[in-house]
Amino acid sequence: MECYRVIPLREDLWAISELEKTVMYVMNGRDRALLFDTGFGLTPLRGVVSELCGEKPIVVVNSHAHIDHHSGNNQFETVHVGRFDEPASHGWPSAEECARVREMNFSDYLAAGGDLSGWRPGPARRVCVLQDGDVIDLGGMTLRVLEAPGHTPGSIALLEESRRWLFTGDLILTWEVWGQLAESTALRVYWQSLQRLAQLERRVDTVFPSHWGENERDNPLHFPSFELPPEILPIYAEGTGRIVEGLDKGEPYDFWGREVRCQRFQIGGMVFDPHRIG
Ligand SMILES: [Zn+2]
Ligand SMILES: [Zn+2]
């Protein structure tokens, strides 16, 4: 069983779905390729990107510093991450974290005969920081960095203005996002980021999230794989605003034995800590 599959989305744009659990994106510029996220670290990313884009330098960018998005960083010398997630970008995952990832994400793969013997998730040797307004020029394709603190303090989105693409990491999904983590910002800050992204609604055609699901619960509006319409941006901004303003209180949500709240939107939703509205 392969641990990944490559999905062509547009000219010079592909998704890599790792175990159908986490999504990476590959963009092919004239001079350089860009890999957005490195997943759990199971996929031989250098080879996959070179096969798609040819032999050229690869710019590696992490949407944020979580184990399902940056664990393949050690396949590269240098990676780029939002400046406020840089502190979390250097460690090797603990045995406990690896065990939790195995349990949550790898059980189907193992049951199907998948091999984890070579799995060595880890950081890159060098971590460069990105900040708001930075532009990554690939040659004929440019990505603008948008800082969007919320899910994590250093979460970023990438905007390709001429192609009208927006890559949003874990900030927006078709099911509830996690805004309740210890490292998440106060919900008010997450809301400010979502309001800013919502201002892009008319400037983008497609929002590309970093997780995807096909089943009814995870994708109730049956959006095409890996592609969300820009209307999801104001849905998230308005829905989160209603929580911040005290209009919606959410339902109880069990997060590893800690009770927090979850408010569902027309599509997706927000898990939040009612003591951390800000
Ligand atoms: Zn995350
Ligand atoms: Zn994630």
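Just so we're clear, the structure is a prediction, and the values are computed from it rather than from any experiment.

A. Region of interest: the coordination of the zinc ion (ligand 1). Looking at the metal site, the zinc ion (ligand 1) is ligated by His64 (NE2), His66 (ND1), His151 (NE2) and Asp170 (OD), spaced 2.1 to 2.3 Å from it. Around the zinc ion (ligand 1), the four donor atoms sit at angles spanning 91 to 170°, and that spread fits a shape best called irregular. Considered as a linear motif, the donors of the zinc ion (ligand 1) on their single chain read H-x1-H-x84-H-x18-D. The metal-metal distance between the zinc ion (ligand 1) and the zinc ion (ligand 2) comes to 3.4 Å, with Asp170 coordinating both.

B. Seen up close, the nonpolar core. Tyr25, Met27, Leu34, Leu166 and Phe167 are the most contacted members of the largest nonpolar core, which totals 57 residues. Looking at which element gives the most residues to this core, the answer is helix H5 (residues 232-244), with seven residues. Two domains share this core, each providing at least three of its residues, namely domain 1 (1-147) and domain 2 (170-278). Not counting residues within four places of it along the chain, the set of residues in contact with Tyr25 comprises Leu9, Leu13, Trp14, Ala15, Leu34, Leu35, Phe36, Phe167, Phe208, Pro209 and Phe226.

C. Region of the structure containing the sheet that holds strand S16 (residues 269-272). Strands sit in the order S12-S16-S15-S14 across an open sheet of four strands; the sheet is mixed. Bordering the open sheet on either side are strand S12 (176-178) and strand S14 (251-255), each of which pairs with just one other strand. If you compare each strand with its neighbour and ignore which way they point, the axes differ by 35° on average. Bridge analysis of strand S15 (residues 258-264) against S16 gives four bridges, and the strand direction is antiparallel. The residue of S16 that forms the bridge with Arg264 is Gly269.

D. Molecular detail of the coordination of the zinc ion (ligand 2). At 2.1 to 2.3 Å from the zinc ion (ligand 2) lie its protein donor atoms, namely Asp68 (OD), His69 (NE2), Asp170 (OD) and His211 (NE2). Here the zinc ion (ligand 2) is ringed by four donor atoms whose angles at the metal span 88 to 157°, and the overall shape comes out irregular. When the donors of the zinc ion (ligand 2) are listed by position in the chain, the intervening gaps give D-H-x100-D-x40-H.

E. Here's a closer look at the layout of surface pockets. Its volume calculated, the largest pocket comes out at about 1400 Å³. If you go around the largest pocket, you meet 43 residues; those closest to its centre are Ile67, Asp68, Met104, Asn105 and Trp178. Contributions of two or more residues to the lining of the largest pocket are made by helix H2 (67-70), helix H3 (95-111), S12 and S14. Ranked by residue count, the leading element in the lining of the largest pocket is H3, at seven residues. Grouping the constituent residues of the lining of the largest pocket by class yields 19 nonpolar, twelve polar and twelve charged. Among the domains, domain 1 (1-147) and domain 2 (170-278) are the pair contributing at least three residues each to the lining of the largest pocket.

What counts and how
Residues numbered from 1 in each chain as written. Chains lettered and ligands numbered in written order. Predicted model: local features only at pLDDT ≥ 70, side-chain atom pairs only at ≥ 80, totals over all residues. Heavy atoms only, no water. Donors = N, O, S within 2.8 Å, 3.2 Å for Na, K, Ca; no water. Tetrahedral: all angles 85-135°; square planar, octahedral: opposite > 155°, others 65-115°. Core = buried A, V, L, I, M, F, W, Y, C linked by side-chain atoms within 4.5 Å. Buried < 20%, exposed > 50% of the residue type's maximum accessible area, 1.4 Å probe, protein only. Helix = DSSP H or I, 4+ residues; strand = E, 2+ residues; numbered from the N terminus. Domains from an automatic or database assignment. Contact = heavy atoms within 4.5 Å. Pairing = 2+ DSSP bridges. Axes fitted to C-alpha atoms, helices over the stretch in contact; angles between N-to-C directions. 1 Å grid on protein atoms, 1.4 Å probe; cavity = no way out; pocket = protein on both sides within 12 Å on 5 of 7 lines; lining within 4 Å. Points joined across faces, edges and corners; volume = space filled by probe spheres on them. Nonpolar A, V, L, I, M, F, W, Y, C, P; charged D, E, K, R; others polar.

Worth remembering: the numbers are spatial, not functional.
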